[in-house]
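This is what each chain is made of:
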Amino acid sequence: MGALRPRLTLLATALVAAVAALLLWLGWMLVGAVVAGTPALPGTVVVGGVAVPAETARDAVAAAARAEVLRAGLIAFPLVVAAGAVTSWVLVGRVLHPLRRVVETTSRLSASSLDERVALAGARGEVAELAAAVDAMLDRLQAAFDAQSRFVANAGHELRTPLAVLRTEIDVTLAEPDADADELRRMAGVVREAGRRCDELVSGLLLLARTEAGGAMPGSDRVPVDLAALVAAELAAVTGDVAVRGLVVRTDPRPATTRGNEPLLRRMVANLLENAVRHNRDGGWIEVGCGTGTPEPGVVLRVASSGPELAPDRVAELFEPFRRGPVARTAHTRGSGLGLSIVRSVATAHGGSVHAEAVLGGGLAVHVTLPDDSTVPAPSGGAPVLAR
């Protein structure tokens, strides 16, 4: 910006000088041509008491007129150029002032000062559009940094708990000189459970980061996936937990084929079913169904379950990382609070959407809508980049 104003001023001044020189030359030419083009008088004329031919007098008048124009022009030319330079300097400064504010604002920004905005109220045209685009970009950056900060803080908090358990159990056992086999087995069980929780959390974080960073999945990375078959396979995987808790499972399998990354879609279905089992009540129910959406096109997966009552205005929070709902819902359940976050990220990566609502009497119903096989472009080659 520092060198742009002098360069633009110099360019504008050069243009003014060129136009002024052209006008001076045109004036010089026109004055001489006008005088020379007048009809010549016959005979002679008396100039200063001397008789001279009329044609010679006309040529002398033309030369004198040209000389006068040139003399006046040479005086006015530098004045016009100087005025043009001053005017250009002022106007260029006013034009560049909004851009300078944009540069100064962006130069001051850091991760801790992303709340500052350009906010050009009086600007118009392209400069106003540029300032608005920069402010919109800063809004997105601030939202991303805030989400990242919350995510890192929550992840650190979640990891700190199992690591503290590991350290405490090992220290207590080592401090006990008479620890027997039963005590060592008890410690090993606690360590195993804490390690499982760490592994589950890290795996969830990696999967969530991969799906969110990947954005929308291109058609070349998709294959036809039978969603009904995935539901059946994942229901079989949770059969043991369902039997232990005495849950009643009602299914409504219908043909449902989408196009996407099968491992990610399998993880999405598994998370929904595991969430329905973990946060259920003993003797409760689970309803699972899939099929073609109506009236809008697409494939719909619905997983509903009984459980503790949820406030309707708190349901959206369950899709945020590490948000596990009220204590009554999560106090005695395993998990890292990433299940529904991963569901939303996988659905978004496939061009779908997720909607959840509280069930009357307690529980949660989750609807996942994905493009059907006919609305997704067929693959043209390439390997799935999001596959685990």
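Quantities reported herein were computed from a predicted structural model and do not represent experimental measurements.

### Remarks on the nonpolar core
In terms of nonpolar packing, the biggest core is built from 39 residues, with Met268, Val269, Leu272, Leu301, Leu364 and Val368 touching the most fellow members. Looking at this core, the elements that each hand over two or more residues are helix H5 (227–237), helix H7 (262–278), strand E6 (285–292), strand E7 (299–305), helix H9 (339–349) and strand E9 (364–370). Here the element with the most residues in this core is H7; it accounts for 8 residues. Val102, Val118, Ala131 and Val134 belong to the second-largest nonpolar core, a separate cluster that totals 5 residues.

### Examining the sheet that holds strand E4 (residues 248–252)
Spatial strand order, E4-E6-E7-E9-E8: 5 strands in an open sheet with mixed pairing. At either end of the open sheet lies a strand with only one pairing partner, and these are E4 and strand E8 (353–358). Across this sheet, the average inter-strand angle for adjacent strands is 10°, counted without regard to direction. In this sheet, E6 lies alongside E4 in parallel orientation, the contact comprising 5 bridges. By the bridge assignment for E6, Val248 is matched with Trp285. Contacts from H7 reach E6, E7 and E9 within the one sheet, and its direction differs from that of E7 by about 20°.

### Observations concerning a nonpolar patch on the surface
A surface patch of nonpolar side chains, amounting to about 690 Å² of accessible area, comprises Val19, Leu22, Leu23, Trp25, Leu26, Met29 and Leu30. Structurally, Val19 can be placed in helix H1 (residues 4–36). Since its relative accessible area comes to 48%, Val19 is described here as partly exposed.

### Things to note about the confidence of the model for the protein chain
Note: predicted coordinates in regions of low pLDDT should not be interpreted at a detailed level. Per-residue pLDDT for the protein chain averages 77, and the proportion of residues at 70 or more is 73%. This stretch, residues 327–333, has a pLDDT under 50; its non-local contacts, to residues over four places away or in other chains, come to 14 contacts. Scored below 50 in pLDDT, residues 379–388 shows 23 contacts in the model against residues more than four places distant or in partner chains.

### Quick word on a negative patch on the surface
Among the surface-exposed residues, Glu176, Asp178, Asp180 and Asp182 lie close enough to one another that they form a single negatively charged patch. Of note, Asp182 is situated in helix H4 (residues 181–214). With relative accessibility at 57%, the residue Asp182 sits in the exposed group.

### Quick look at H7
With 17 residues, H7 should reach 24 Å at 1.5 Å per residue; the first-to-last C-alpha distance of 24 Å fits that figure. Taken residue by residue, H7 has Leu264, Leu265, Met268, Val269, Ala270, Asn271, Leu272, Leu273, Asn275, Ala276 and Val277 as its buried positions.

Calculation rules
- Residues numbered from 1 in each chain as written.
- Predicted model: local features only at pLDDT ≥ 70, side-chain atom pairs only at ≥ 80, totals over all residues.
- Heavy atoms only, no water.
- Core = buried A, V, L, I, M, F, W, Y, C linked by side-chain atoms within 4.5 Å.
- Buried < 20%, exposed > 50% of the residue type's maximum accessible area, 1.4 Å probe, protein only.
- Helix = DSSP H or I, 4+ residues; strand = E, 2+ residues; numbered from the N terminus.
- Pairing = 2+ DSSP bridges.
- Axes fitted to C-alpha atoms, helices over the stretch in contact; angles between N-to-C directions.
- Contact = heavy atoms within 4.5 Å.
- Patch = residues over 30% accessible without salt bridge, like charges linked within 9 Å, V, L, I, M, F, W, Y side chains within 5 Å.
- Areas by Shrake-Rupley, 256 points an atom, 1.4 Å probe, with all protein chains shown as cover.
- Salt bridge = Lys/Arg side-chain N within 4 Å of Asp/Glu carboxyl O.
- pLDDT = per-residue confidence, 0-100.
- Lys, Arg positive; Asp, Glu negative; His and termini not counted.
- Charge placed at Lys NZ, Arg CZ, Asp CG, Glu CD.
- Expected span 1.5 Å × (residues − 1).

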